[in-house]
Structure formats: structure tokens, C-alpha cells
Amino acid sequence: MPAISSKGKSMPQSPIRKLVPYAENAKKNGIKVFHLNIGQPDIKTPQVALDAVKNNDIEVLSYARSEGSEVYREKLSNYYAKNNINVTANDIIATTGGSEALLFTIGSITDPGDEIIIPEPFYANYNGFSIASGVKVVPVISSIDDNFALPKIEDFEKLITPKTKAILICNPGNPTGYLYSKEEIEKLKQIVLKHDLFLIADEVYREFAYDGAEHHSVMKEDGLEQNAIMIDSVSKRYSMCGARIGCIVSKNQEFIQTAIKFAQARLSPPTYALIASEAALDTPQSYFDDVIGEYVERRNTLINELKKIDGVKVANPKGAFYCVAELPVKDSDDFAQWILEKFHDNNETVMVAPASGFYSTPGEGKNQVRIAYVLNEKDLKRSVEILKLALEQYNQ
């Protein structure tokens with residue numbers, strides 16, 4: 001039998017999606033599953049985006065431009081200007097989701113064997129994207145005890161080698177909900193300038209900053225023009241996960257021209273999704289005000305309810321719509337599968353994402369889960385109630 005590649009065998013399963021078969025079996029058996037495992041908001045997509053597709057009179061569904069239409073990129077640059085990020089259409093490449101933006105970025109700045117330093121826990125697919133490119137993830141561990149704040153600069157510097165090409169952060173963070181301060185961004189700026197590295201910032205949750213906190217983009221930092229690369233997406237901002245439109249933003253034109261070659265190789269992003277994404281940029285600020293208010297209430301409900309469970313420790317997120325919770329279990333992978341396969345309360349159960357998949361350090365996160373607060377408050381309260389009952393039975 002022909003052999004599968006070692007790279008293919010090394011590709012990790014998604015901690016967010018690998019338990020889906022167990023959830024589907026539970027549903028077939030009449031069990032209602034509350035999905036806390038995936039960042040799929042129940043917030044309605046802006047009507048202006050849906051209408052742009054519904055009311056379109058396209059007769060030939062043709063290829064889009066590889067880097068996205070100039071009209072879309074111009075409109076996107078105007079959106080960024082409102083956020084004090086001054087870029088032009090030529091600094092932007094539209095991609096098929098933030099995932100493709102990351103793949104193109106890693107492909108453009110690394111060679112096989114190179115290294116990227118990432119504070120962990122981190123978005124699980126960073127592992128997969130790196131493995132697909134033959135790149136080594138070098139983790140620098142942040143702790144739930146200090147709310148997953150940026151590790152000390154010394155922790156970064158001692159990991160830098162001649163193979164290091166970039167530092168990658170997610171801000172606000174997935175899975176932690178951590179929001180980097182301006183001082184932390186400036187510390188990262190100093191490191192990458194000192195060691196001539198790229199600073200990649202996944203900023204897809206930019207709008208979701210709470211408690212009066214402000215999001216600080218790497219694209220606002222003077223002096224980082226040749227080092228900063230921003231990853232963005234419409235998925236979370238407009239609750240348009242299925243559109244699969246993201247982008248790469250950088251003022252480094254050598255990098256942009258390299259990434260465009262990757263974009264040309266896959267031809268183009270999907271045309272209808274680009275139309276929807278362009279229209280979504282007309283979404284009024286009131287939409288975001290309402291959505292952020294809703295997420296703050298959900299976050300507060302979830303954190304307060306989790307803290308009532310004996311043995312549970314939870315970080316308090318300042319952005320995005322996730323939190324990491326430490327459970328009184330030895331193996332959250334086993335628990336997450338068990339709660340779908342063997343537990344229900346009044347024909348209801350919950351699905352969580354085991355946090356070990358958000359680490360690359362072996363053994364880390366084994367008693368943690370990521371919870372997405374993308375359900376309404378009533379369902380969140382019920383979900384935590386089920387989680388409490390499940391933990392009691394699991395630990396007996």
C-alpha cells in the first residue's frame with residue numbers, strides 16, 4: 001500500500017471539531033447538545049450582506065481577482081482608517097478565510113525547518129498550518145493564574161534562534177479571550193525589531209473588546225512597517241463564518257507581492273462571498289454596540305456560573321467570546337467525549353473543546369477546556385448546570 005506522508009500523519013485533529021461524530025450520535029439518540037465547542041455565533045448576519053447576495057443579478061459567476069477586487073480592498077482600507085489603521089488597497093490581499101491568510105503568510109516568510117514563536121494556549125489551527133508548511137512551533141507558555149497575560153520578554157528572547165522567523169499572537173485571543181495592552185504590543189515590537197523578525201497578529205476579534213478596554217493593532221505601531229503582518233476575517237465581526245473571506249494586511253510590499261503569488265496559485269476567493277463581505281462593510285455601528293453588549297452579558301453569566309462549581313478555575317476574558325476553564329478532571333479529552341457518549345440530564349448535554357489541542361507542549365492543558373459563549377444567557381446557564389452535574393457523576 002502506498003505510504004502516507006509523515007507530514008500528513010503529524011497533522012493534528014481539531015480539538016474543536018474532532019468530537020463532532022459523538023455529538024451527532026447523541027442527537028440521533030434524541031439528546032439535545034448545547035454547542036460550547038465552536039466559535040459559531042448565534043448572532044444574526046447583517047441583513048445588508050445577505051441582501052447583497054439575494055438581490056444580485058449576476059448572469060456569469062466568474063472568477064474574482066486573486067487578491068480581491070480593488071473596490072472591496074479600497075472599501076476595506078476605509079474601514080481600517082476608521083480604526084486608525086492607515087493602509088491602502090495595495091496593502092491588502094483578500095483570502096478564503098483567515099485560515100488561508102495564515103497559510104499564505106507562513107508560506108511567504110518561512111522555509112521548512114524554520115520556527116515561529118507563539119504564546120500558548122493558541123488557536124489550534126496554528127499547529128496545523130505550521131506542520132503543513134514544515135515549520136516548527138516554539139511555544140512560550142502563558143498561565144491561567146495570571147489570566148494568560150503576555151509571558152515575560154526574557155521568556156521570548158531565550159527561545160529565539162537563527163531559525164526563528166516570526167512571533168505570532170492572536171489579539172484578542174482565541175482560546176483565552178486575552179486582550180493585549182498597548183504596553184505588551186510595544187514590548188513585542190522591541191523584540192521583533194531587535195531580532196529582525198516578523199510580528200504576525202491575528203486580529204479577527206478586533207471589535208470584541210470589553211470593560212472599556214481598547215484594542216491595539218500592530219498596524220498602528222510606527223517603525224513596524226516592514227515587520228507587521230495582520231490577519232483578519234469577516235467571520236466573527238459580522239457573524240459570517242460561512243462566507244470564508246479573510247485578508248492579509250501589511251505595508252511590507254515584498255511580503256505582499258510574495259503572498260499574491262500564493263493567491264494566484266489558488267486562483268481567487270469566492271465571488272458571492274466577496275459581494276457579501278463588501279456589503280457588510282456598510283453595517284452600522286449600532287449593530288456592533290448591540291452585539292458587544294450581548295457578549296458582555298453572556299461572558300458575565302458564564303464566568304459567574306462557572307465560578308460556582310467546586311474545583312473549577314476560570315480566566316476572565318477581556319475580548320473575543322471564549323474562555324479557558326480548568327476542570328477537576330485529569331483528562332479533558334476523555335471527559336469531553338464521555339459527556340457526549342454517556343451523560344445527559346433530561347435528554348440534554350453539552351459539547352466543549354478539550355484545551356490540550358490549543359497547546360503544542362506535551363501534557364499542557366490536559367485538565368482544561370475552551371468554552372465559547374456564543375449561546376443566549378438562558379442556554380448558557382443551562383449548559384453550566386449540565387456541566388456541573390456531569391462533573392459530579394464523572395468524578396464519582
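The shown structure was predicted, so the numbers you read here are calculated from the model rather than taken from an experiment. (Residues numbered from 1 in each chain as written. Predicted model: local features only at pLDDT ≥ 70, side-chain atom pairs only at ≥ 80, totals over all residues. Heavy atoms only, no water.)

(A) Spotlight on the sheet that holds strand 4 (residues 136–141). Taken in spatial order, the 7 strands line up as 2-8-7-6-5-3-4 in an open sheet, and their pairing is mixed. Two strands in the sheet have a free side with no partner beyond their single neighbour: strand 2 (92–95) and strand 4. The sheet shows a mean angle of 20 degrees between the axes of neighbouring strands, direction not considered. Summarising the sheet, strand 6 (residues 198–202) and strand 7 (residues 228–233) pair through 4 bridges and their orientation is parallel. (Pairing = 2+ DSSP bridges. Helix = DSSP H or I, 4+ residues; strand = E, 2+ residues; numbered from the N terminus. Axes fitted to C-alpha atoms, helices over the stretch in contact; angles between N-to-C directions.)

(B) Representation of the pattern of salt bridges. Enumeration over the complete set of coordinates arrives at 28 salt bridges. Residues Arg 382 and Glu 348 are paired through a salt bridge, measuring 2.6 Å at the closest nitrogen-oxygen approach. Separated by 34 residues along the polypeptide, Arg 382 in helix 13 (residues 377–394) and Glu 348 in strand 11 (residues 348–351) bring together distant segments of the chain. A salt bridge links Glu 392 to Lys 388; its shortest N-O distance comes to 2.8 Å. Of this pair, Glu 392 and Lys 388 both sit in helix 13, 4 residues apart, which is roughly one turn of that helix. Overlapping salt bridges, with partners in common, bring together Glu 203, Arg 206, Glu 207, Asp 232 and Arg 237 in one network. (Salt bridge = Lys/Arg side-chain N within 4 Å of Asp/Glu carboxyl O.)

(C) Quick look at the nonpolar core. If you look at the biggest cluster of nonpolar residues, it comprises 134 residues, and the most contacted ones within it are Tyr 80, Ile 167, Leu 306 and Ile 371. At 8 residues, the largest contribution of residues to this core is made by helix 11 (residues 285–306). Once you skip the residues sitting within four places of it in the chain, Tyr 80 turns out to touch Ile 85, Val 87, Ile 92, Arg 206, Met 230, Asp 232, Cys 247 and Val 249. (Core = buried A, V, L, I, M, F, W, Y, C linked by side-chain atoms within 4.5 Å. Buried < 20%, exposed > 50% of the residue type's maximum accessible area, 1.4 Å probe, protein only. Contact = heavy atoms within 4.5 Å.)

(D) Seen up close, the packing of helix 12 (residues 332–341) against helix 13. Contact pair helix 12 / helix 13: the axes reach a minimum separation of 11 Å and the direction vectors enclose 110 degrees. The angle between helix 12 and helix 13 places the two elements in the roughly perpendicular class. Mapping the contact onto sequence places Asp 334, Phe 335, Trp 338 and Ile 339 in helix 12 and Leu 387, Ala 390, Leu 391, Gln 393 and Tyr 394 in helix 13. Of the residues in the contact of helix 12 with helix 13, the class split is 7 nonpolar, 1 polar and 1 charged. (Parallel < 35°, antiparallel > 145°, perpendicular 65-115°, else oblique. Nonpolar A, V, L, I, M, F, W, Y, C, P; charged D, E, K, R; others polar.)

(E) Here's a closer look at empty space enclosed by the protein. Throughout the structure, instances matching the rule amount to 3 cavities of 30 Å³ or more. Lining of the largest cavity is provided by 19 residues; of these, Pro 119, Pro 121, Cys 170, Thr 176 and Tyr 180 occupy positions nearest its centre. For the lining of the largest cavity, the secondary-structure elements that each account for two or more residues are strand 3 (115–120) and strand 5 (164–170). The residue makeup of the lining of the largest cavity, split by class, is 14 nonpolar, 4 polar and 1 charged. (1 Å grid on protein atoms, 1.4 Å probe; cavity = no way out; pocket = protein on both sides within 12 Å on 5 of 7 lines; lining within 4 Å. Points joined across faces, edges and corners; volume = space filled by probe spheres on them.)

(F) Just the packing of aromatic side chains, in detail. In the structure shown here, the tally under the stated rule is 19 aromatic pairs. When the centroid spacing of 5.8 Å and the interplanar angle of 55 degrees are considered together, the rings of Tyr 238 and Phe 288 count as tilted. Here Tyr 238 is found in the loop between strand 7 and strand 8 (246–249), whereas its partner Phe 288 is found in helix 11, with 50 residues between them in sequence. There is no split in this pair, since Tyr 238 and Phe 288 are both buried. Centre to centre, the rings of Tyr 287 and Phe 288 are 5.4 Å apart; their planes meet at 85 degrees, and the pair counts as edge-to-face. (Phe/Tyr/Trp six-rings, centres within 6.5 Å; stacked < 30°, edge-to-face > 60°.)

(G) Molecular detail of the sheet that holds strand 13 (residues 368–372). Reading across the sheet, the 4 strands line up as 9-10-13-12 and stay open at both edges, with antiparallel pairing between neighbours. Bordering the open sheet on either side are strand 9 (313–314) and strand 12 (353–354), each of which pairs with just one other strand. Pairing between strand 12 and strand 13: 2 bridges, direction antiparallel. Within strand 13, the position partnered with Pro 354 by the bridge is Val 369. Across the sheet, helix 11 touches strand 9, strand 10 (322–326) and strand 13, and the angle it forms with strand 10 is around 5 degrees.

(H) Fine view of the state of the cysteines. Tallied over the entire structure, the rule returns 0 disulfides. The thiol sulfur of Cys 247 is not disulfide-bonded, and the nearest other cysteine sulfur, from Cys 170, lies at 14 Å. Lacking any disulfide linkage, Cys 323 is separated from the closest cysteine sulfur, that of Cys 170, by 15 Å. (Disulfide = S-S within 2.5 Å.)

(I) Geometry of the pairing of strand 6. Counting buried residues in strand 6 gives 5 out of 5 residues, a clear majority hidden from the surface. The two faces of strand 6 match: Phe 198, Ile 200 and Asp 202 on one face and Leu 199 and Ala 201 on the other face are all buried. Pairing of strand 5 with strand 6 involves 5 bridges; the strand directions are parallel. The partner of Leu 168 across the bridge, within strand 6, is Ile 200. The parallel pair strand 5 and strand 6 is bridged by helix 8 (residues 182–195), and the resulting crossover is right-handed. (Right-handed = clockwise from strand over helix to strand, strands pointing away.)

(J) Structural context of the side chain of Lys 236. As for its placement among the helices and strands, Lys 236 is situated in the loop between strand 7 and strand 8. Despite its burial, Lys 236 remains without a salt bridge, the nearest opposite charge being carried by Asp 202 at 9.7 Å. Setting aside its immediate chain neighbours within four residues, Lys 236 contacts Gly 39, Val 204, Tyr 205, Phe 208, Cys 241, Phe 321 and Tyr 322. (Lys, Arg positive; Asp, Glu negative; His and termini not counted.)

(K) Main features of a nonpolar patch on the surface. Together, Val 53, Leu 61 and Tyr 272 make up an exposed nonpolar region whose accessible area comes to about 250 Å². Considering the arrangement of structural elements, one finds Leu 61 in the loop between helix 3 (47–54) and helix 4 (70–82). (Patch = residues over 30% accessible without salt bridge, like charges linked within 9 Å, V, L, I, M, F, W, Y side chains within 5 Å. Areas by Shrake-Rupley, 256 points an atom, 1.4 Å probe, with all protein chains shown as cover.)

(L) Quick peek at helix 9 (residues 253–265). Compared with the 18 Å implied by 1.5 Å per residue over 13 residues, the 19 Å span of helix 9 between its first and last C-alpha is a close match. Among the residues making up helix 9, those that are buried are Phe 255, Ile 256, Ala 259, Ile 260 and Ala 263. The buried residues of helix 9 occupy an angular sector of 140 degrees when the element is viewed end-on, so they sit on one face. Exposed and oriented more than 90 degrees from the buried face of helix 9 are Glu 254, Lys 261 and Ala 265. Looking at the packing, one finds that the buried side of helix 9 touches strand 2, helix 5 (97–109), strand 7 and strand 8. (Expected span 1.5 Å × (residues − 1). Arc of directions from axis to C-beta.)

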